[in-house]
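Topology and contacts: notes
Listed below are the residues making up each chain.
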Amino acid sequence: MTTASKKPRIGIIGTGAIGGFYGVMLARAGFDVHFLLRSEFEAVAQNGLRVESAVHGELLLNPVQAYASAADMPPCDWLLVGAKSTANVELAPLIAEAAAPDAKVLVLQNGLAVEDRLRAALPDSLHVLGGLCFICVHRLAPGVVAHQAFGAVNMGYHSGPTANADARQAIVEEGAALFKAAGIDSQAMPDLQQARWQKLVWNVPYNGLSVLLQASTSALMTDSYSRELIMDLMNEVVAGAEACGHSMPEGYAAKLFATTEQMPDYWPSMYHDFREKRPLELDAIYSRPLAAALDAGRDMPKIRALFQTLAFIDFHNI
């Protein structure tokens with residue numbers, strides 16, 4: 001059990017770029033962190049986890065508390081899910097196996113309603129939270145992660161045995177405090193769906209266009225036609241969110257656009273999935289937001305066209 005005098009035990013489910021980076025940062029801060037791996041288990045068990053960070057320098061965690069099976073992990077108070085949302089049905093039994101009683105499951109994934117399918121397959125006793133990662137990070141090699149910029153994690157409560165709003169928010173604040181203790185900016189969001197729509201304002205244009213146009217953020221931001229298309233897509237996300245009852249902060253799309261102009265050149269995660277012939281996260285990032293907005297009476301035609309094109313590419317890439 002987590003107490004004021006004992007740090008919680010943390011499990012990482014999916015030790016790729018996201019899980020690797022945050023797991024290493026938390027372990028370096030003194031937390032008891034356990035990593036579940038599949039194909040990279042041998043490499044990490046032998047050589048540790050390395051983060052090549054433009055912000056923090058080179059970070060090496062060795063030895064690593066690494067596991068090839070969730071059954072071998074100790075019960076964890078917090079479980080950070082860094083695997084892609086396309087694998088959520090397969091992840092549920094692993095999460096349940098590694099979870100301590102009353103554990104908190106933080107889903108660090110892109111897209112809308114990614115927690116729903118996991119929630120249906122998890123024990124009612126577990127708390128499910130959603131996490132939004134604002135970070136430029138990618139996997140370089142087995143057990144090696146490149147961190148280019150940023151790192152903040154915003155989170156909100158999705159569902160679980162706690163019905164009281166204040167108690168739920170206290171759990172979210174507990175999660176944010178873990179990251180803050182590791183030197184990572186983290187905000188406890190009162191409305192998870194609002195936060196997920198806000199993240200979509202960036203994810204919808206840059207993830208999809210990186211695959212469709214085979215272009216990184218710098219290339220997309222230096223061409224007048226792609227710049228115009230990015231703003232059109234961003235504005236459609238904002239309109240879709242507002243139709244669903246989620247008002248964006250004033251000038252939010254323009255702020256993200258300007259931030260992207262200043263960030264280092266970056267290939268979004270969907271491009272890496274495409275290159276490595278993994279399924280694209282089209283359901284969470286495109287299909288579900290399109291359906292939610294349409295149910296609320298708002299179509300997003302340019303996003304729909306982007307989704308349809310990506311679906312064709314995805315089908316012929318696997």
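Residues numbered from 1 in each chain as written. Predicted model: local features only at pLDDT ≥ 70, side-chain atom pairs only at ≥ 80, totals over all residues. Heavy atoms only, no water.

1. Things to note about the packing of helix α3 (residues 88–98) against helix α4 (residues 114–121)
How two helices sit against one another is set out by the angle between their axes and by the gap between those axes. The N-to-C vectors of α3 and α4 enclose an angle of 45°; their axes lie 9 Å apart at closest approach. The angle between α3 and α4 falls in the class oblique. Taken as a pair, α3 and α4 cross one another with a handedness that is right-handed. Taking contact as the criterion, the partners of Asn88, Val89, Leu91, Ala92 and Ile95 in α3 are, on α4, Val114, Arg117, Leu118 and Ala121. Here the residues of the contact of α3 with α4 are counted per class, giving seven nonpolar, one polar and one charged. (Axes fitted to C-alpha atoms, helices over the stretch in contact; angles between N-to-C directions. Helix = DSSP H or I, 4+ residues; strand = E, 2+ residues; numbered from the N terminus. Parallel < 35°, antiparallel > 145°, perpendicular 65-115°, else oblique. Left-handed = near helix turned anticlockwise from the far one by under 90°. Contact = heavy atoms within 4.5 Å. Nonpolar A, V, L, I, M, F, W, Y, C, P; charged D, E, K, R; others polar.)

2. Overview of the pairing of strand β4 (residues 57–61)
A regular strand places its side chains so that they alternate between the two faces of the sheet. Alignment of strand β3 (residues 49–53) against β4, held across five bridges, turns out to be antiparallel. Each residue of the ladder has a partner; that of Arg50, found in β4, is Leu60. The turn linking β3 back onto β4 is made up of three residues. (Pairing = 2+ DSSP bridges.)

3. Quick look at the environment of Gln46
Among the secondary structure elements, Gln46 is positioned in helix α2 (residues 41–47). For the pair Gln46 and Gly143, spaced 97 residues apart in sequence, the C-alpha separation works out to 9.8 Å.

4. Structural notes on the packing of aromatic side chains
Summed over all chains, the structure comprises four aromatic pairs. For the pair Trp202 and Tyr206, a centre-to-centre distance of 4.6 Å together with 25° between the ring planes defines the contact as stacked. Pair noted here: Trp202 and Tyr206 are both in helix α6 (residues 192–212), with a separation of four residues, about one helical turn. Residues Trp202 and Tyr206 agree in their burial class; the two are buried. Within the aromatic cluster, the residues linked to one another by ring pairs are Phe21, Tyr22 and Phe179. One cation-aromatic arrangement involves Lys7 over Phe31; the distance from NZ or CZ to the ring centre is 4.7 Å. A cation sits over an aromatic face here: Lys199 above Phe134, 5.3 Å from the ring centre. (Phe/Tyr/Trp six-rings, centres within 6.5 Å; stacked < 30°, edge-to-face > 60°. Buried < 20%, exposed > 50% of the residue type's maximum accessible area, 1.4 Å probe, protein only. Lys NZ or Arg CZ within 6 Å of the ring centre and 35° of its normal.)

5. Some remarks on unusual backbone geometry
Omega for the peptide link from Asn62 to Pro63 comes to 10°, which places this bond in the cis form. Looking at the secondary structure, you find Pro63 in the loop between β4 and β5 (66–67). Its identity is not glycine, yet Ala113 carries a phi of approximately 60°, on the positive side. With respect to the element layout, Ala113 can be found in the loop between β7 (99–108) and α4. The buried category is assigned to Ala113, whose relative accessible area is 13%. The phi dihedral of Lys277 is positive, around 55°, even though this residue is not glycine. Tracing the chain through its elements places Lys277 in the loop between α10 (269–275) and α11 (282–295). Relative accessible area serves as the criterion here: at 52%, Lys277 is assigned to the exposed category.

6. Remarks on the pairing of strand β8 (residues 127–141)
In terms of burial, β8 is a largely internal element, eleven of the 15 residues being buried. In terms of strand pairing, β7 meets β8 through five bridges, oriented parallel. Its bridge partner being in β8, Leu108 is matched across the sheet by Gly131. Here 13 bridges tie β8 to strand β9 (residues 144–159), and the two strands are oriented antiparallel to one another. Its bridge partner lying in β9, Ala141 is registered against Val144. Count of turn residues in the β8/β9 antiparallel hairpin: two residues, of which Gly143 carries a positive phi of about 80°.

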